[in-house]
Each structure stands twice: as structure tokens, then as C-alpha cells.
Amino acid sequence: MKTKTRVAIQGIKASFHEEAAYKFFGRDIETVECNSFKQTCDVLDDDKADYVVMAIENSIAGSLLPNYTLIREYNFAVVGEVYLPIQLHLLALPGVKFEDIKIATSHPIAIRQCVDFFEEFPQIQVIEGNDTAACAKKIRDGQLKDTVAIANALAAETYGLDIIERRIESNKKNFTRFLILRKDKAEVEKGINKASICFQVGHHVGALAQVLQIFAELNVNLTKIQSMPVLGRRNEYYFYVDIEWKNIENYDTAIRKVLKYTVNFNIMGEYVKNDKV
């Protein structure tokens, strides 16, 4: 009997992290629920999971900066990515009508993404919770007939709730990018065309520009660059960079040249671009 792939997620079943895991791996997986991003890393480090699915940036909220540090410190390999549209609905027990609602509950970020909707209905009290899916589960478990959860369609399916109002998020083009992490560097698969790298440069004029120029000259495209201070080091930064290429020889040449101008250089992962929302 084939053992299911174990995927650690932040949150509980039917959270957006589980939805992202399903989108990347398919539904035939075992999700390992964790209370924090650090716990997902500990679970993977202790071989209690095969992969971690970790949110890294949101089109509205921006980058999840602490997660960059976690990936680097645990030295996990980035082996893939997945983009997930964030669609938020009002979920209630079957039979509950909109006029019965007194309370709406969800994760603070989800609530902030629906402010326009709730401005139209000031009679609804909005209460923050720990997790979108956990709020849906609480309604099911407590049979709360005056409360709705702001969550995804997967939470409605999982916890037997009805969607009484669809797509209440203010920005309909909201999405989150998740990285797929493994404990060990996997064999590089065919067709790789994207990489996540991390490095530092010297503290002098043009140090970063020299590195960026190398990528530009070799037609290697930078899709993201994120700086993070080096803890306890004044004016020193880690640069986390995502790059894409059409010709892998150009990528290989660029990496060899960049090594001369950087310190603490690390290829965090090489994988196939997967940016379809």
C-alpha cells in the first residue's frame, strides 16, 4: 500500500494552506496541521512530514518576511511554488439566512480584505479569530445560528456549511504565493526555469548593482528582490531574489559570475515556474 505524502501546513484542515497543498499535490495527501510557521519547519526537520507548504507573499499584504528567515535558517530546499486566488465567502449553518446574522468572525487579515462589504452592514459585529477554517469549524461544532465565518469554499465543504454570500473580498484580484519546501535538496527535475537565491554583498558603492547587471546581461529575469537586515549587523542585508530564464546555460553562467561579487551565497531552490492563478 502506497504511503500518502505528508504535507505540513500552518492552520487546520480547509485553511488556505491546505487548499494550496491540494492545488500542488492533489487531494490524495495527508496534511499535518501546525499552529505556526515555525512548527511546520520543526515537523519537517523531525521527518514528521515530507513537505511544507508555506505562504511567502500576498498581492495585497506583501511579503511574509519572517518566513524568508525560517527557510534560510532551516536550510530547506524550495522545490516548487503555487499561486492561489484568495476568494472569501460568508459561511453559515444550513438554513441560516442573511438577516439572522449578528456576528462575523475570521482571521484579522481576511477581515481587513473585506472592509468594504462590512461597511455596508454595520449591524454585523466583526470579531477576529485565529484562522479562517477554525472559525468555520467553531460554527459547526457550536451550532452557532447567529454567526458566519469568512472563509473559503473548501471550509464550507469540509465543515458542512452553506455559502450565503460569495466573493465578499474588496479586491477580486487578490492572490497568495506559496513555496513548497523539502528537507533535502531534490534531484533537479527537467525543465527547471526558476530559482530562489539568497546572498549578501559588500558595503560599497555599486555592490548590488554589479550583481544585478550580470543577470541583465545574460537575460536572466529578476521577478522579485527582497532585502532583510542581518541580525546584529549594522548596514548588512540578506537579499532574497527570484530569477527566471529561458536558456539554462545563461543561468549557469550568471551564477558562476555572481559568486565573485557576493558572500554567503545560497541557491535555496531550483524548480519549474508555476504562476498560474
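(A) Representation of the sheet that holds strand S12 (residues 194-200). Across the sheet, which stays open at both edges, the 4 strands sit in the order S13-S14-S12-S15 with antiparallel pairing between neighbours. Looking at strand neighbours, the two that pair on one side only are strand S13 (221-229) and strand S15 (263-271), the edges of this open sheet. With direction set aside, neighbouring strand axes in the sheet form an average angle of 15 degrees. Most of the contacts of helix H8 (residues 207-217) go to S13, to which it runs at about 160 degrees, and overall it touches S12, S13 and strand S14 (237-244).

(B) Geometry of the pattern of salt bridges. Summed over the entire model, instances satisfying the criterion amount to 18 salt bridges. Among the salt bridges present, the one from Arg6 reaches Asp50, with a minimum N-O distance of 3.1 Å. Within this pair, whereas Arg6 is found in strand S1 (residues 5-10), its partner Asp50 is found in the loop between helix H2 (37-45) and strand S3 (51-58), the two being separated by 44 residues in sequence. Taken together, the shared-partner salt bridges connect Glu57, Glu81, Arg177, Lys194, Lys224, Asp242, Glu244, Lys273 and Asp275 into one network.

(C) Structural context of the environment of Ala149. Relative to the helices and strands, Ala149 is located in strand S9 (residues 147-151). When its relative accessible area of 0% is taken as the criterion, Ala149 is described as buried. For the pair formed by Ala149 and Ser59, sequence separation is 90 residues and the distance between their alpha carbons is 22 Å. Setting aside residues no more than four positions away along its own chain, Ala149 makes contact with His89, Leu90, Leu91, Thr105, Cys135, Ala136 and Ile139.

(D) Representation of the nonpolar core in the model. Counting residues in hydrophobic clusters, the biggest one holds 73 residues, and the most contacted among them are Phe118 and Leu181. The biggest single contributor to this core is S3, with 6 residues. Setting aside chain neighbours within four positions, we find Leu181 in contact with Leu44, Asp50, Tyr51, Val52, Met54, Ile71, Phe76, Ala77 and Val78.

(E) Expanded view of the packing of aromatic side chains. Evaluated as defined, the whole model comprises 13 aromatic pairs. Among the aromatic side chains, those forming a connected cluster through ring pairs are Phe98, Phe117, Phe118 and Phe121. The ring of Tyr238 has Arg72 sitting right over it, with the charged end atom 3.9 Å from the ring centre.

(F) Region of the structure containing the sheet that holds strand S10 (residues 162-165). Read from one edge to the other, the open sheet built from 5 strands follows the order S8-S7-S9-S6-S10, with strand pairing classed as mixed. Two strands close off the open sheet at either side, each with one partner strand: strand S8 (125-128) and S10. Neighbour-to-neighbour, the strand axes of the sheet open up by a mean angle of 35 degrees, direction not taken into account. Taken together, the 3 bridges between strand S7 (residues 103-106) and S9 define a ladder with parallel strand orientation. Among the inter-strand pairings, Ile103 is bridged to a residue of S9, identified as Thr147. Packing of helix H6 (residues 132-142) onto the sheet brings it into contact with strand S6 (89-92), S7 and S9, and relative to S9 it is tilted by some 155 degrees.

(G) Looking closely at H6. Of the positions making up H6, those classed as buried are Thr132, Ala133, Cys135, Ala136 and Ile139. Angularly, the buried residues of H6 cover 160 degrees about the axis, an arc narrow enough to put them on a single face. Summarising the contacts, the buried residues of H6 are in contact with helix H1 (16-25), S6, S7, helix H4 (108-112), S9 and helix H7 (153-159). In the segment just after H6, Gln143 is the residue with positive phi, at about 50 degrees.

(H) Main features of unusual backbone geometry. Look at Arg167: it is not a glycine, yet its phi comes out positive at around 50 degrees. Looking at the element boundaries, Arg167 is found in the loop between S10 and strand S11 (175-182). Under the relative-accessibility criterion, Arg167 is labelled partly exposed at 28%. Here the phi dihedral of Asn264 falls at roughly 50 degrees; this positive angle occurs in a residue that is not glycine.

(I) Geometry of the pairing of strand S2 (residues 29-34). When S1 meets S2, the two strands line up parallel, connected through 6 bridges. Residue pairing in the sheet places Val7 in a bridge with Thr31 of S2.

Quick notes on the rules
- Residues numbered from 1 in each chain as written.
- Predicted model: local features only at pLDDT ≥ 70, side-chain atom pairs only at ≥ 80, totals over all residues.
- Heavy atoms only, no water.
- Pairing = 2+ DSSP bridges.
- Helix = DSSP H or I, 4+ residues; strand = E, 2+ residues; numbered from the N terminus.
- Axes fitted to C-alpha atoms, helices over the stretch in contact; angles between N-to-C directions.
- Contact = heavy atoms within 4.5 Å.
- Salt bridge = Lys/Arg side-chain N within 4 Å of Asp/Glu carboxyl O.
- Buried < 20%, exposed > 50% of the residue type's maximum accessible area, 1.4 Å probe, protein only.
- Core = buried A, V, L, I, M, F, W, Y, C linked by side-chain atoms within 4.5 Å.
- Phe/Tyr/Trp six-rings, centres within 6.5 Å; stacked < 30°, edge-to-face > 60°.
- Lys NZ or Arg CZ within 6 Å of the ring centre and 35° of its normal.
- Arc of directions from axis to C-beta.

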